[in-house]
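In case you want the letters, here they are:
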Amino acid sequence: MGSPAGTLKVSRRPGGDPEIFYSLQGEGPSLGTPSVFLRLALCNLICTWCDTKYTWDWRNHDYRQEVVELSREDVMDAVQGHGCRRLVVTGGEPLVQQKALAPLVDSLKGRGFSFEVETNGTLAPLEPLVRSVDQWNVSPKLGSSGNSPRRRDVAPAMAAFAGLPTAFFKFVVVDRQDVDEVESLVCAYGIRRNRVLLMPEGTSKGELQGRSGWLSELCVERGFRFTTRLHILLWGDERGR
Ligand code: SF4
């Protein structure tokens, strides 16, 4: 799966077009903000409940069908075509491709763009991206994700994000035990509680509603922020929205 330097492996929509689309940010601190989304392929984790397995699970998905390799110029054209200057880079795990991503972000920054990057917090961000990214939506994975502790909790990466004023930490919560694990990570890395968001796991309205009641109460009790998954509530588990 090697590709020429400077190209980005971008996820494809079911019709084959690159997954670069305009919508509302559905999760986290900027929930509801109109944004362009760029979904990059590849991930270094294997979450059991991952709802974008088509970006990395090549045992069950066809790489050639799911991924398109695009030059920086092609990605820039597609992004700018939407007429919105807020770009959310998501995945997969975008930082797997951070060396190719940095020049794209840099070029768009010069054209007035602001950026959010979604990451699982296992790869420390390199300086060129740290300089340009306005908001990091770090989503560290808990035991309920099915990843081993060694894979999901990488201390140098977590410490790097914890030290960034631009980083927020969004945890996907399956059950109450997950919140105890969140407390341990918050304590271990000195993360400020007002930068922590808890989000119910779920890819249907019913699943989200089932976990939102007790989780929102826990947020009030413990001083964490709550976020839902707006795109699931609005459109269900529809790809590319
Ligand atoms: S880190 Fe994100 S993209 Fe990767 S497997 Fe987990 S949920 Fe899926």
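Keep in mind that what you see is a predicted model, and the values were worked out from it rather than measured. (Residues numbered from 1 in each chain as written. Predicted model: local features only at pLDDT ≥ 70, side-chain atom pairs only at ≥ 80, totals over all residues. Heavy atoms only, no water.)

### Here we look at the pattern of salt bridges
Which entries qualify depends on this criterion: Here, a salt bridge means any side-chain nitrogen of Lys or Arg that lies within 4 Å of a carboxyl oxygen of Asp or Glu. Numbering of helices and strands starts at the N terminus; helices are DSSP runs of H or I of at least 4 residues and strands are runs of E of at least 2. For every residue, the accessible area obtained with a 1.4 Å probe (protein chains only) is divided by the maximum for its type, and the residue is called buried under 20%, exposed over 50%, and partly exposed between those limits.
With the rule as written, the count across this model stands at twelve salt bridges. Between K109 and D134 there is a salt bridge, with its nearest N and O atoms 3.0 Å apart. With a gap of 25 residues between them, K109 in helix α3 (residues 98-109) and D134 in the loop between α4 (127-132) and β7 (135-138) connect regions that are remote in the sequence. Residue K109 is classed as partly exposed on the basis of its relative accessible area of 29%. In this structure, E181 and R152 form a salt bridge, with 3.3 Å as the shortest nitrogen-oxygen distance.

### Some details on the pairing of strand β3 (residues 34-39)
What counts, and what does not: Being paired, for any two strands, means DSSP has found at least two bridges between them.
Where burial is concerned, most of β3 is hidden: five out of the six residues are buried. For strand β2 (residues 20-24) and β3, the ladder comprises five bridges, and the chain directions are antiparallel. Opposite I20, over in β3, you have L38 as the bridge partner. Taken together, the four bridges between β3 and strand β5 (residues 86-90) define a ladder with parallel strand orientation. Along β5, the bridge assignment pairs F37 with V88.

### Here we look at the packing of helix α2 (residues 72-80) against α3
Filter applied, for reference: In this analysis, axes come from line fits to C-alpha atoms, helices being fitted only over the stretch in contact, and the angle between any two N-to-C directions falls in the range 0 to 180 degrees. In these notes the angle categories are as follows: under 35 degrees is roughly parallel, over 145 is roughly antiparallel, 65 to 115 is roughly perpendicular, and the rest is oblique. In a left-handed crossing the near helix is turned counterclockwise from the far helix by less than a right angle, and in a right-handed crossing that turn is clockwise. Residue contacts are counted whenever heavy atoms from the two residues lie within 4.5 Å of one another. Residue polarity follows a fixed list, in which Ala, Val, Leu, Ile, Met, Phe, Trp, Tyr, Cys and Pro are nonpolar, Asp, Glu, Lys and Arg are charged, and the others, Gly among them, are polar.
One way to put it is that α2 packs onto α3 with a least axis distance of 10 Å and a crossing angle of 45°. If you check the angle between α2 and α3, you find them oblique. In this structure, α2 crosses over α3, and the sense of that crossing is right-handed. For the pair α2 and α3, the contacting residues are R72, V75, M76, V79 and Q80 in the first and P103, L104, S107 and L108 in the second. Along the lines of polarity and charge, the residues of the contact of α2 with α3 split into six nonpolar, two polar and one charged.

### Overview of the site of the ligand
Heads up, the condition is: We call a residue near a molecule or strand as soon as one heavy atom of that residue lies within 4 Å of the molecule or strand. The distinction between a cavity and a pocket rests on a 1 Å grid over the protein atoms alone: a 1.4 Å probe fits inside a cavity but cannot get out, while a pocket stays open yet meets protein on both sides within 12 Å along at least five of seven lines, and a residue with an atom within 4 Å of a point counts as lining. By definition, a pocket or cavity contains a molecule when more than half of the molecule's atoms lie within 2 Å of the pocket's grid points.
Surrounding the ligand, one finds C43, L45, C47, W49, C50, T52, W56, G92, N120 and K141. Applying the majority rule of atoms within 2 Å of the grid points places the ligand in the largest pocket. Looking at the shell around the ligand residue by residue, the class counts come to six nonpolar, three polar and one charged.

### Here we look at helix α8 (residues 205-222)
So the rule is basically this: An expected span of 1.5 Å times one less than the residue number is assigned to each helix. A residue's bend is given by the angle between axes fitted to the 7 residues ending at it and the 7 residues starting at it.
Compared with an ideal rise of 1.5 Å per residue, which puts 18 residues at 26 Å, α8 spans 25 Å between its outermost C-alpha atoms and is within 8% of the ideal. At S212, α8 shows its maximal bend, which comes to roughly 40°. Along α8, the residues classified as buried are L208, R211, S212, W214, L215, L218 and C219. Buried residues along α8 sit in contact with β8 (167-173), α7 (176-189), β9 (196-200), β10 (225-226) and α9 (230-235). After α8 finishes, the residue G223 shows a positive phi value of roughly 80°.

### Some remarks on the environment of G146
Within the secondary structure, G146 is located in the loop between β7 and α5 (149-152). Considering only alpha carbons, one finds G146 and C47, 99 residues apart in sequence, at a separation of 5.6 Å.

### Description of the packing of α7 against α8
Relative orientation of the contacting elements α7 and α8 amounts to 30°, with a least axis distance of 11 Å. One way to sum up the angle between α7 and α8 is to call them roughly parallel. Considering only the axes of α7 and α8, their crossing is right-handed. Contact residues: R176, V179, D180 and E183 in α7; W214, L215, L218 and R222 in α8. For the contact of α7 with α8, the residue count by class is four nonpolar, no polar and four charged.

### Here's the deal with the packing of aromatic side chains
So the rule is basically this: Within 6.5 Å between ring centres, the rings of Phe, Tyr and Trp (the latter by its six-membered ring) count as paired, and their orientation is classed by plane angle as stacked under 30 degrees, edge-to-face over 60, tilted in between. Only when the NZ of Lys or the CZ of Arg is both within 6 Å of the ring centre and within 35 degrees of the ring normal is a charge said to sit over the ring.
For the structure on display, the rule yields four aromatic pairs. The ring of F168 is capped by R195, whose NZ or CZ atom sits 4.7 Å from the centre of that ring.

### What about the environment of G163?
Tracing the backbone through its elements, the reader meets G163 in the loop between α6 (155-162) and β8. For G163, a relative accessible area of 59% puts it in the exposed group. Remark: the alpha-carbon pair of G163 and D153, spanning ten residues in sequence, is separated by 16 Å.

### Quick notes on α6
As a reminder of what qualifies: Arc definition: directions from the helix axis to the C-beta atoms.
Inspection of α6 places A157, M158 and F161 among the buried residues, and these make up the whole buried set. Along α6, the residues classed as buried sweep out an arc of 95° about the axis, all on the same side. Tucked into the core, α6 has its buried residues touching β6 (114-119), β7, β8 and α7.

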